[in-house]
Amino acid sequence: MNAPVDDRLTALRGSAQRRAYNARSLAALENNPRCTLRALLDASGSDKAAIAEHAGYPSAFGQSTFALARGNAFEALVKANGYAELLRVLRETLGLTVPEVGNRDLNDVGGDSRQEIRHTHTTRLLVKAAQGSGDSTLYDHPMLRLTVGGYAVFLEPDLVAFRADDRFYIVEIKSFPIIDGQADPVQVKSATTQACAYVIALRDMLRQAGIDPEAAVSDQIVLVAPKDFTNRPTAAFVDARKQVAALTRQLARLERIKDLVELLPEGLTFDLAPDGGQAQRPVEELTDALDQVDATYRPDCLNHCEMAFYCRARAREDASLDILGPEAREQFGGVDTATMVMGLARGELTPTADQSEMAIALRHAARLRAELDQAYRGAA
Amino acid sequence: MTDPLDALEKSISTLRRAIRDAATAGDTERAGELRAQLRRAEKAWDTLIDTGEPATPPLWPEPQAAPVVHGSRLPAREHVHRALMLLGTPAAPKLIVSVHEAFFSGELSASKLSSLRRDEERSYRSSPGARPYYLCPALAHDLLSPVRALVTISTWPLEQRIIGPLSQRTDFLTGTVGVAQAVGSSGEAATPAAVRLLWRLAATIPDAIVRSASGLESAPDPQRVIEAAQAELDVHTDADRATRAEAARRARKSLSDDQQLFGSQLHNVMRLQAQRA
Amino acid sequence: MSMVSALARVQAMESMTAVKVTAFRHRRLSDRPLVVIPLTMAGEAGAPLAAMVGSSKRNATLLVVAQPRNRDQRFAFAADLGELVTEYLNSFRQDRRGEGEKSRYSDAPQLLVPNTGGIKALADLARMCRFRSTTGPYAVADVVPEFGMWLTFLVERAEQAGTCLLLPVTGMLTEHWATGQSTLEDQNLASLMAWISPPPGTDVAQAMADAESPDICPPAGPTTSPQFDNRDLAPAIKRFDAAHTAGDTVALAAAQAELRELIAEQIQPTWRLMWDAISLLRSVPEAPRAAARFGRDCAAFTSYSDYRDGGGLPQRKRDTAIGAARRLDRLEQALVDFESDMAFDDPFVLADRRSVGEAFAGTVVDADPGRVVLSDSNRRVLRPRVTIRTDDPVRLAAGTKLVSPHMPDSHKARIVSVLPEGGTMLVTVEVTGGMGTPRTPKADGVPALDRHIAYLPDPGWRPAAEFPASDSTPWTHHSPAQVPDADATESENAAAEGWGHDD
Ligand code: SF4
């Protein structure tokens, strides 16, 4: 990334500390990839939650301690007793052979858990394994690195398994259950999207060592999760090929952040404390800055983005049809606001040429509803 | 919201506003509900102010060792020693506690065990060799650094205390054999906890547990478990021993006596790494 | 979504209030529904935390699992809830009418949960309970598997369009009202109610904001808010556990009481909203055809009751391939029938179909009521024709069979041609049923000139699809040997649970 763009991004973030991407925010890239505001906030390492809160729309994300505790307890259980349960399920799904039991704990290097050190150690061991001279099958919490928009991001999968057929498999240990062979599709998807970042990072690492990355890292993710309502793990393959491709594309887009930055007005910043210290920037100034950047709000943002309440309020203020979601929106192709829709429906606005077909249908629908309103006025 | 106190204050003012709205509208039912929420939030706020901590005051102390227990008065470290001797391998605190509960009496908890481990090293350093044994961490085969998740006994040879890539599996299998032998020798007298422990360990070893045609699993047969574990052990033993022996040789050459027990510290690790690079 | 429903949402958005999208309530609403609000513990599958249950607003029972991770407490909860629910179900097995095949109970139960998540929570609970053994080392109370099987029946029935034995209240509300927010936000009972009937003294905008604040409107479940979990619930459970371990009965009772109070406060607002929603729904008139659909619910309830009385086996974990195909076919047919019923009953729904060209309405501009043709068998038959002028963008092809909500039930027709004329369409239809014979034509068998009339496609009666015989015994008649999943591996799972939560 070239320096001027970098400088612009730093200016956007201002005095706040840089927030690195993590597997979660990378996974969020897949949702609403076309949103410029988020692309800029993420690329500049701005703290979306803090910005949303300062703007008066604190995000509602929070994790229950129960969910956290359960997740940790399940991972511990799967890895307990020398990975006994994990080996059992991997023997069943991956077809690990009996001799394939070697393991390396990469949570720290002789007590040092600094990311860089762990990353170096991980690289050494994994490259060795890929070259055929490794001594292990299970690599516990390897530290991977991915360059996102010019910055190094450290990523840490639960486990990477290296099978005798010279392939690495990302193993995701999740505590949502697989009941009668089926798991909640939403949770599976978010787990695989997260795992995709690991696949890409691991492939990068091997590519740099001159190893064919596609051959060496499978895009089948191994999902290890509780079976039914027990604590006993079971495992399943999840095909992540499409998602790996999609995330790769999104990452490439981030590299082109330059194009977005160039369109920004001079001096734009999301800094909350331009004078240092407390977050004391006048709220209005901040929202003015935010409003200069395009955001493509959609209801799904509520599940993924810290800015969602802010963007929703803004969309509502603009009477944007984005509020209603794509199913309703697509009925009014080419029209963006409720005001326009109602204007066309009442015949107060003249449709443009490419709106004319939609406008006919709209006016027809409006007539139908007007008749009904007349007939059923008052009730309820 | 980052600061819990800020969050609470915001909750409180939101609730006050909502209560006012409900009261003005004469909606007593809703106002009542909201007042209950307000009391909660205020209580949480008080607690936070008092303790500076989130509202998780353990009103009752964490369950520690009960004063009198089934006639066993051995100190905790003896319990650990006994469980480790039964397994014959380095083990994680959780497994040690399970073995203890399955075969021995007396109170031993994982939290007790972790405080114990800190004491051991201190005690050794103040007067080395004063005790017949110490509980120490296992050692990583490559860096000879402590593997704190695993507990060993100082009297074991280095080879037994070192962990190579295969060692966790061989130790697990060896430990299972130990448990199976203990269950086998107690026969009918084996406690349900012991049988459950054996079942749990054996369930992950190929062919250790008979499955009937219907998929029903029977109670584990200790002899069968031993044979199955041994069969897998035979696959790994040679390679594992070689790694451990090589590492032990290196440790004897380069580490001091106390390092051979408690592991090499980080600066030594770096030096070692540098030497090998 | 059709243009009409999309427009309704825009209208709601503009006027900041919910708008009607049906004239009727298409679901029967029982006089005595059983409201169930299940709460589960975050991160834990099928770990119930609490449930508030009752068949009237003043008669709520709160059940709480003090330590959801504890298997025994979980099944004690399932047994308590099971007692309540089965007692309710049994109260509908009193009045039975008809003989033989036609014999059925005259009324059927109705469980109402806040949202689709509530149904999922009950489905999980059902799955957790129905295979449990009432003997052996992991025995549960007799009612637990029974409850599991009944719940499974209700959950499966709920998948079928138009049924009303188990319904999410959010679904019932959105069938009748459109809001100016997304369907995702409509899943939140409190925000939905904010649009339809904001609390007195609050406008929609404020009510919407309040609905999303976990302080003012605790979520309707099944999951609780992380804020509540971390701030209130976790410490309370911790105190319970500590008292439990210490064997301190006084402290235990105190901790239990505190947990109950805490959860009651969380669930109470939803309980109130549920009953508010129910009385709102009561004020909407029931659609004419809802009664016939309810009759089928009664039949299904009766047949499952009889099956249970016969000691029937639990439902399979997963359908066989043929079973799945049959189920899909049944669900599809039910959906088509339900949509057609609604359009027939309800001008709003009809308007929806009209806007996409799947139905039409207009004025009769030409009529030949006495038209007679020779049939294939050379008989003279009456085949009146009428032409209707409509503004609707008709997309039905010639030959489509039609029915009309404005004509007697026996009336049937067929499209002859659809021709655009100016900005309108001329649809010529031939009457094929309900018109009488050349000698005795029925007076009201043919729509008269200048009359306004609507037509929509006849969903028709379609024979049940044929499926291979190997699996053709009804699912109610499987011999034990054919149900491999009542299930051997369950004992393994039970055992696994036995040592499961040991952390
Ligand atoms: S919430 Fe706003 S910033 Fe975030 S993705 Fe949606 S539109 Fe973009």
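Just so you know, the residues in each chain are numbered from 1, in the order the chain's sequence is written. As they are written, the chains are lettered A onward and the ligands numbered 1 onward, keeping that order. Per-residue local features of the predicted model are confined to residues with pLDDT of at least 70, and side-chain atom pairs are confined, for both listing and counting, to 80 or more; whole-chain, interface and lining totals are unaffected and use all residues. Side-chain descriptors were evaluated using all non-hydrogen atoms of the structure, hydrogens and water having been removed beforehand.

### Some points on the packing of aromatic side chains
Geometrically, a pair of aromatic rings is defined through the distance of the ring centres and the angle of the planes.
Reasoning step 1: Centres within 6.5 Å make a pair out of two Phe, Tyr or Trp rings, where for Trp the six-membered ring is used; the pair is then stacked when the planes are under 30 degrees apart, edge-to-face when over 60, and tilted otherwise. The full count for this structure, using the stated rule, is 15 aromatic pairs over all chains.
Reasoning step 2: Ring centres 6.2 Å apart and planes at 50° place the aromatic pair Y169 of chain A and F237 of chain A in the tilted group. With Y169 of chain A in strand β6 (residues 167–173) and F237 of chain A in strand β8 (residues 233–239), the pair connects residues that are 68 residues apart, well separated along the chain.
Reasoning step 3: Among the aromatic residues, those joined into a ring-pair cluster are Y105, W150, F153, F301, Y304 and Y307 of chain C.
Reasoning step 4: Definition used: whenever NZ (Lys) or CZ (Arg) falls within 6 Å of the ring centre and also within 35 degrees of the ring normal, the charge is taken to sit over that ring. For R77 of chain B, the ring lying beneath its charged end belongs to Y133 of chain B, and the centroid distance is 4.5 Å. For helices the rule is a DSSP run of H or I covering at least 4 residues; for strands it is a run of E covering at least 2, with both sets numbered from the N terminus onward.

### A few points about the environment of L197 of chain B
Residues and elements named next belong to chain B.
Reasoning step 1: As for its placement among the helices and strands, L197 is situated in helix α8 (residues 192–202).
Reasoning step 2: Relative accessibility decides the category of a residue: with a 1.4 Å probe and only protein chains considered, values under 20% of the type maximum give buried, values over 50% give exposed, and everything between is partly exposed. The exposure class of L197 is buried, given its relative accessible area of 3%.
Reasoning step 3: In this structure, L197 is in contact with L95, S98, V99, A102, F103 and V179, ignoring residues within four places of it in sequence. Two residues qualify as a contact provided that any one of their heavy atoms is within 4.5 Å of a heavy atom in the partner residue.

### Remarks on the domain arrangement of chain C
Reasoning step 1: For every domain, the bounds stem from an assignment made automatically or drawn from a database. Domain boundaries in chain C define domain 1 (3–315) and domain 2 (358–457).
Reasoning step 2: Distance between the C-alpha centres of domain 1 of chain C and domain 2 of chain C: 47 Å.

### Quick word on the nonpolar core
Reasoning step 1: Put simply, a nonpolar core is a bunch of buried Ala, Val, Leu, Ile, Met, Phe, Trp, Tyr and Cys residues held in one set by side-chain atoms that sit within 4.5 Å of each other. Grouped together as the largest cluster of nonpolar side chains are 112 residues, with contacts concentrated most on L81, L112, L173 and L233 of chain C.
Reasoning step 2: With twelve residues, helix α10 (residues 249–282) of chain C is the largest single contributor of residues to this core.
Reasoning step 3: The residues contacting L81 of chain C, other than those within four sequence positions of it, are A51, V53, L63, L125 and F147 of chain C.
Reasoning step 4: Membership of the second largest hydrophobic core comes to 107 residues, among which are A129, L202, M307 and A338 of chain A.

### As for the site of the ligand
Residue and element names in this part refer to chain A.
Reasoning step 1: As a matter of local geometry, the ligand sits amid N32, C35, L37, R38, A295, T296, Y297, C301, C305, M307, A308 and C311.
Reasoning step 2: Residues are called lining when one of their atoms sits within 4 Å of a cavity or pocket point, these points coming from a 1 Å grid over the protein atoms alone, where a cavity is a set in which a 1.4 Å probe fits but cannot get out and a pocket is an open set with protein on both sides within 12 Å along at least five of seven lines. Pocket or cavity membership: a molecule qualifies when more than half of its atoms sit within 2 Å of the grid points of that site. If you map the ligand onto the pockets, it falls in the largest cavity.
Reasoning step 3: Those elements that place two or more of their residues in the shell around the ligand are α3 (36–43) and α13 (308–317).
Reasoning step 4: Throughout this entry, Asp, Glu, Lys and Arg are counted as charged residues, while Ala, Val, Leu, Ile, Met, Phe, Trp, Tyr, Cys and Pro are counted as nonpolar. The remaining residues, Gly among them, count as polar. Each residue belonging to the shell around the ligand can be placed in one class, and the counts come to nine nonpolar, two polar and one charged. When at least one non-hydrogen atom of a residue lies within 4 Å of a molecule or strand, that residue is treated as near it.

### With respect to the pattern of salt bridges
All names here are of chain A.
Reasoning step 1: Each reported salt bridge corresponds to a side-chain nitrogen of Lys or Arg within 4 Å of a carboxyl oxygen of Asp or Glu. Applying the stated criterion across every chain, the model contains 74 salt bridges over all chains.
Reasoning step 2: Put simply, E214 and R203 hold a salt bridge, and the shortest N to O gap is 3.7 Å. Placement of the pair is E214 in helix α8 (residues 213–216) and R203 in helix α7 (residues 185–208), with a sequence separation of eleven residues.
Reasoning step 3: Relative accessible area serves as the criterion here: at 43%, E214 is assigned to the partly exposed category.
Reasoning step 4: Using a relative accessible area of 7% as the deciding quantity, one classes R203 as buried.

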